[in-house]
Amino acid sequence: MERTVKPHLVLIPWQGAISHIIPMTDIGCLLASHGAAVTVITTPANAPLVQSRVDRAAPPGITVAAIPFPAAEAGLPEGCERLDLLRSPADVPRFFAANKRFGEAVARYCRGAGASLLPCRPTCIVSGMSNSWTLGLARELGVPCYVFHGFGAFALLCIEHLFKHRPHEAVASPDELFDIPALPPFECRVSRRQLPPHFLPSTSMGGGPLQEMREFDLAVDGIVVNTFEELEHGSTALLAAATGKKVLAVGPVSLSRSPSLDPQAMSEDARRCMAWLDTKASKSVVYVSFGSAGCMPAAQLMQLGMALVSCPWPVLWVVKGADTLPDDAKKWLRENTDADGVADTTKCLVVRGWAPQVAILAHPTVGGFLTHCGWGSTLEAAAAGMPMATWPLFAEQFVNERLIVDVLGVGVSVGVTKPTENILTASKTYGSEAEVEAEVGMEQVMEALERLMDQGAEGEERWRKAQELKLKAKGALEKGGSSYVNLENLIHSFV
Ligand code: UDP
C-alpha cells in the first residue's frame, strides 16, 4: 500500500550532556539527508550547538525547536540547562525535576497546542534515555518511540546482562574482577566499582531517575544506537535478542558531515589546533582528551601532564575545568605547557576550550588518541582509523575500554582501576579520599604512550585493525550499507 503520510521524525535529545545532543543532532541530519522531515527539540541554551551542527550539514527539511527549560522553577540558576553547568551534585535532582517539567512543555508543543507548532504531525519519536516522558506522548500520538542512550551496543548488551543476571551481586568486594559474559567468546572483566551508575550503591542522581530510565527502556518500541553493525562483533543482534526490541545501528554519525572545517567558521581554539597540527610529521602527534566535561583530581592531572611533557611525541591536550584547578596545578600547567601560543615548536599544546575533535582525529599528523572511552570519542576514533590508549573515568567507559582493547584490538590500556568521581556518580559509599590521590603515575602513562605510538609489529597491527574499521565505518553509511539501510528502516517504521 502506498504511504500517504510524509515521514516526520521528532528527535528529543537528553539535554543534560553535550555528548547526547551532538549525536542526536547528527542522526537528525542523516535522517534529513535521506529525505525525511526532522525536528530536533532542544532548549534555548543548547540551541546554538544544535543549530550550528545543522547549518554545517545543511540538509533540507530539518527544523530546530528551542523550548524553554524551566531551570528556575526547579531551583536552578537561569540558563542551567545541562549537567556540566550545575553548581554541585546537590543540583542533580533539581535538574531531573526541571527535565520532567520540560517534558510537559515539549508535549504541549508536539500536540500543536503551543504558540509555535510543529511543521507537521510526527510519525516517530526518538528520545534521549532520560526523557521517559516521551513514551506517554508517543502513545497519545500513536507513533513509535525509540530510545537513544548514547552508549554503544556492546555496553548496552552488558547493561542488559547485568540487569537480568546480576553477576555483580555475587562478588565480595567492589574491586574484585568478574566477567560479564554478554558477548561470548569475549570476556568482559570489570569490577563493581567500574559499573555504570545503575549498579552503583548510591549516586547523586538518586534511584528515581535510574528506575524510570529502566522502565522506559523496557517499554519503548526500539533502540537507536550510534554504531555500525560491523563494529561490535554481533552486539546489535544480541541486544535485539536480549531485549526483544528492534535495534537500529545508524552510525557512525560523526561521518554525517565532512571533518574539514570552514576556516571562516572555526573558533580561535580550533584554528590554533589545526594550524599547529599542520606543522607536525605524519602520525607523530598524541591527541589527549577526556570528553566534553571529563576532569580529574589535580594530583592526577599533574602526573598525566608530566608524562605528556616528557614523552618524545608532540601532544595536543584538551583540558576541561582548568579554571577550577588549585593554584599550584594552574601554575604548573602555565609553566610546562603552551596554553596560548601557536609556535610550531610547542611540545604540548593545551586547549582549554572546545577542540574540533572529529577534524583532529582525521588529521594525518595524529598517530594516537589517549581517550576516556566515552562512546562518542570511541566511535569517532574508530571512524577515523585511530588507535587508542584507554583511560576510562566513569559510567559505561570501563566496559567500552574492554571492547576497544580486548574485542577490537585497537587499544592499549593505561591500567586505571578506579573510577573518577563526577557530578552524577558522586557517592557517599565509595568515599572521595582515594580519588584525590593520583592512581596512575607518570611512568605508567609513559608506558601506555610508548605502546600506543609503537612503530613495531604490535603497533602496526593495531594501526592496521584501526584502518580496517575506518573503511567499514564509511561503508556502513554508503548507499546499501548497514547503517544506511537502518536509517531507511527508522524513517519508514511509523504505524
Ligand atoms: N568533543 C569535542 N571537543 C571537545 C570535547 C569533546 O568535539 O573539546 C566532542 C567529541 O567529539 C564527542 C563528544 O564531544 O563527540 C564527547 O562525547 P563522549 O561520548 O566521548 O564523552 P562524554 O562527553 O559523554 O564524556
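Residues numbered from 1 in each chain as written. Predicted model: local features only at pLDDT ≥ 70, side-chain atom pairs only at ≥ 80, totals over all residues.

Labelled according to an unreviewed UniProt entry, the protein appears under the name Glycosyltransferase, originating from Panicum hallii var. hallii. Looking at the protein in UniProt, the text filed under Sequence similarities (unreviewed entry) is "Belongs to the UDP-glycosyltransferase family." (UniProt positions renumbered as here; feature names shortened; annotations may be inferred.)

Description of the sheet that holds strand E13 (residues 366-371)
Ordered in space as E12-E11-E10-E13-E14-E15, the six strands form an open sheet in which the pairing is parallel. The open sheet terminates on both sides in strands that have one partner only, identified here as strand E12 (348-351) and strand E15 (411-413). Averaged over all neighbouring strand pairs, the angle between strand axes comes to 20°, with direction disregarded. Where strand E11 (residues 315-318) lies against E12, four bridges are found, and the strand directions are parallel. Opposite Trp317, over in E12, you have Val350 as the bridge partner. (Pairing = 2+ DSSP bridges. Helix = DSSP H or I, 4+ residues; strand = E, 2+ residues; numbered from the N terminus. Axes fitted to C-alpha atoms, helices over the stretch in contact; angles between N-to-C directions.)

Focus: the sheet that holds strand E5 (residues 145-148)
Read across the sheet, seven strands follow the order E3-E2-E1-E4-E5-E8-E9 without closing on themselves; strand pairing throughout is parallel. Looking at which strands have only one partner, the edges of the open sheet turn out to be strand E3 (62-66) and strand E9 (246-249). Strand-to-strand twist across the sheet, computed as the mean angle between neighbouring axes with direction ignored, equals 20°. For strand E1 (residues 8-12) and strand E2 (residues 37-42), the ladder comprises four bridges, and the chain directions are parallel. The residue bridging His8 from the neighbouring strand is Ala37, located in E2.

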